[in-house]
Amino acid sequence: MNTKFEPKPEHKFTFGLWTVGNKGNDPFGDDVRKPQSPVDLVYLLAEVGAYGVNFHDNDLIPIDASPSAAETIKKDFKKALQDTGLVVPMATTNLFYDPIFRDGAFTSNNAHVRNFALQKTMRSMDLGVEMGAEVFVFWGGREGTETDAAKDPVESIKRMRAAMNFLCEYALDQGYKLKFALEAKPNEPRGDLYNATTGHMLGFIATLDHPEMVGVNPEVAHEHMAGLNFSHGVAQAIDAGKLFHIDLNDQDFGRYDQDFRFGAVNLKRAFFLVKLLEDHSYTGSRHFDAHAYRTEDDEGVKDFARGCMRTYLILKDKVDRFNNDPEIQKLLGELKRMDHELPEFKGPYSQEKMKAIKAHPFDRKAISEKGLRYELLDQLTNEVVLGVR
Ligand code: GCO
Ligand code: MN
Ligand code: MN
């Protein structure tokens with residue numbers, strides 16, 4: 001294999017313990033791979049060249065572990081991190097697996113459940129900070145409904161806001177330098193989940209007491225499930241200064257949550273996503289939230305992890321080619337030229353400008369007649385991605 005595409009720490013490639021640790025079970029079939037301990041998984045990630053490892057509280061420490069068992073697990077995990085040089089950039093809380101969360105966590109109708117969720121999240125934040133995490137992800141796994149008869153959705157949003165405000169204050173009170181990243185998903189495991197897309201999340205964040213602490217963690221598969229253009233959602237987050245983290249994976253539109261290897265399904269969408277992140281100098285983790293096919297054994301899990309990173313780096317190379325391709329740049333240059341016309345109308349509103357725009361004699365017919373050459377531009381893009389340019 002070409003060494004040009006080897007992962008390096010500067011690429012900030014990370015995986016969750018739950019991703020490479022996935023045992024291949026699904027609603028129709030049992031585990032196909034043996035469980036691996038967090039320590040095993042750290043060594044596996046180091047072997048394939050990852051930069052970091054992320055976890056849910058219970059990926060590391062089982063929910064029923066005794067305090068002394070928890071101490072031993074933490075000690076062993078820290079040693080594995082030290083031995084390998086892997087870091088923990090992100091941590092999160094499992095608020096969906098245990099039956100107590102069958103009707104959600106922060107939006108449950110039961111005050112005991114909502115407060116247990118706060119307790120579990122605060123402990124999970126303590127654990128994440130202890131391991132060095134600077135980003136804390138919130139994925140509301142069961143924050144939703146099957147029937148809207150049971151909950152007023154406005155009340156649910158209020159409950160969610162109360163929880164986020166409380167936890168922001170907790171982070172500030174403890175002096176934690178944590179940024180929160182909210183991850184949207186339209187459905188699954190619930191019939192419908194609240195704040196279904198990255199756009200919904202951005203709207204919600206603006207209503208919090210400390211919006212500056214809170215951004216988003218968009219995931220490819222989640223926006224594809226909703227039939228949306230993922231790059232456009234990520235662009236909105238970049239523009240708002242809210243892209244704190246990203247979950248990279250792949251799948252076709254309209255399917256269940258497949259969590260395929262990055263680039264496994266739609267290379268061209270993956271190309272435009274890498275282009276967006278690289279053109280806008282995204283500096284956060286490139287986190288792969290995906291897992292190996294159920295057909296794979298432990299070796300296949302390594303193929304999966306290497307494949308995610310390698311595809312990202314190959315596409316990054318294609319982005320450089322696109323950005324330096326004379327024919328492509330000539331076509332883009334013509335678009336820029338059109339954009340820079342009418343400089344006298346640029347900038348903020350003034351009465352003078354308003355009157356000039358109102359009075360300007362636009363040649364509607366002549367402007368409409370000009371083709372834009374997007375066919376050629378797109379074909380050249382395909383040729384870059386296909387490797388013949
Ligand atoms: C999913 C989600 C999760 C979250 C994880 C971190 O569809 O199951 O993507 O994998 O990303 O819980 O919060
Ligand atoms: Mn997901
Ligand atoms: Mn995710």
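Higher on the page you've got the structure.
Residues numbered from 1 in each chain as written. Chains lettered and ligands numbered in written order. Predicted model: local features only at pLDDT ≥ 70, side-chain atom pairs only at ≥ 80, totals over all residues. Heavy atoms only, no water.

Asks: Describe the overall build of the protein, with residues and values.
Replies: If you tally the helices and strands in the protein, you get 15 helices and ten strands. Whereas a compact globule of 389 residues would reach a radius of gyration of roughly 21 Å, the protein reaches 23 Å, a difference of no more than 12%. Over its C-alpha atoms, taken along the principal directions, the protein stretches across nearly 75 × 55 × 40 Å. Here the protein holds 389 residues, and the buried ones make up 46% of them. In the protein, the share of contacts with a sequence separation of at least 24, taken over all contacts with a separation of at least 6, comes to 77%. Surface summary for the protein: the accessible area is close to 20000 Å², and the carbon and sulfur share equals 53%. In the protein, the 49 positive side-chain charges and the 60 negative ones have mean positions that sit 4 Å from each other. (Helix = DSSP H or I, 4+ residues; strand = E, 2+ residues; numbered from the N terminus. Rg over C-alpha atoms; globule rule 2.2 N^0.38 Å. Buried < 20%, exposed > 50% of the residue type's maximum accessible area, 1.4 Å probe, protein only. Contact = heavy atoms within 4.5 Å. Areas by Shrake-Rupley, 256 points an atom, 1.4 Å probe, with all protein chains shown as cover. Lys, Arg positive; Asp, Glu negative; His and termini not counted. Charge placed at Lys NZ, Arg CZ, Asp CG, Glu CD.)

Asks: Give me the lowdown on the coordination of the manganese ion (ligand 2), citing residues and values where you can.
Replies: Coordination of the manganese ion (ligand 2) by the protein comes from Glu219 (OE) and His222 (NE2), over a distance range of 2.2 to 2.3 Å. If you look at the manganese ion (ligand 2) and the manganese ion (ligand 3), they sit 3.7 Å from each other and are both ligated by glutamate 219. Comparing glutamate 219 with histidine 222, the two get one shared label, buried. (Donors = N, O, S within 2.8 Å, 3.2 Å for Na, K, Ca; no water.)

Asks: Account for the site of ligand 1, with residues named and values stated.
Replies: Close contacts around ligand 1 come from 13 residues, with His56, Glu183, Lys185, Glu219 and Asp289 the closest. Side-chain polar atom of threonine 92 to an oxygen atom of ligand 1: 3.3 Å apart, as the coordinates give it. A distance of 2.7 Å is found between an oxygen atom of ligand 1 and a side-chain nitrogen or oxygen belonging to glutamate 183. Considering ligand 1 on its own, with 330 Å² of exposed area, one finds that the protein chains cover 92% of that surface. Considering only residue class, the shell around ligand 1 consists of four nonpolar, three polar and six charged. (Near = heavy atom within 4 Å. Polar contact = N/O pair within 3.5 Å; in protein donor to acceptor, adjacent residues only side chain to side chain. Nonpolar A, V, L, I, M, F, W, Y, C, P; charged D, E, K, R; others polar.)

Asks: Account for the nonpolar core, with residues named and values stated.
Replies: In this structure, Phe15, Phe77, Phe180 and Phe262 are the most contacted members of the largest nonpolar core, which totals 90 residues. Sort the elements by how many residues they give to this core and helix H11 (residues 298-324) lands first, with ten residues. Counting contributing residues per domain, this core is built from domain 1 (3-323) and domain 2 (326-386), each supplying no fewer than three. Residues within four places of phenylalanine 15 in sequence aside, it is in contact with Val20, Leu45, Ala50, Gly52, Val53, Asn54, His287, Phe288, Phe304, Ala305, Cys308 and Met309. (Core = buried A, V, L, I, M, F, W, Y, C linked by side-chain atoms within 4.5 Å. Domains from an automatic or database assignment.)

Asks: Go over the side chain of threonine 381, please, and point to the residues and values.
Replies: Within the fold, threonine 381 resides in helix H15 (residues 374-386). On the basis of relative accessible area, threonine 381 is assigned to the buried category, the value being 2%. If near-sequence neighbours (up to four positions away) are discounted, threonine 381 is found in contact with Phe271, Phe272 and Phe322.

Asks: Lay out the packing of aromatic side chains in plain terms, naming residues and giving numbers.
Replies: Evaluation of the coordinates by the stated rule reveals 17 aromatic pairs. Taken together, a centroid distance of 5.5 Å and an interplanar angle of 75° make the contact between phenylalanine 13 and tyrosine 312 edge-to-face. Here phenylalanine 13 is found in strand S1 (residues 13-16), whereas its partner tyrosine 312 is found in helix H11, with 299 residues between them in sequence. For tyrosine 312, a relative accessible area of 1% translates into the label buried. Between phenylalanine 101 and phenylalanine 116, the ring centres sit 5.8 Å apart and the planes meet at 25°, which makes this aromatic pair stacked. (Phe/Tyr/Trp six-rings, centres within 6.5 Å; stacked < 30°, edge-to-face > 60°.)

Treat this as a map of the structure, not an account of what it does.
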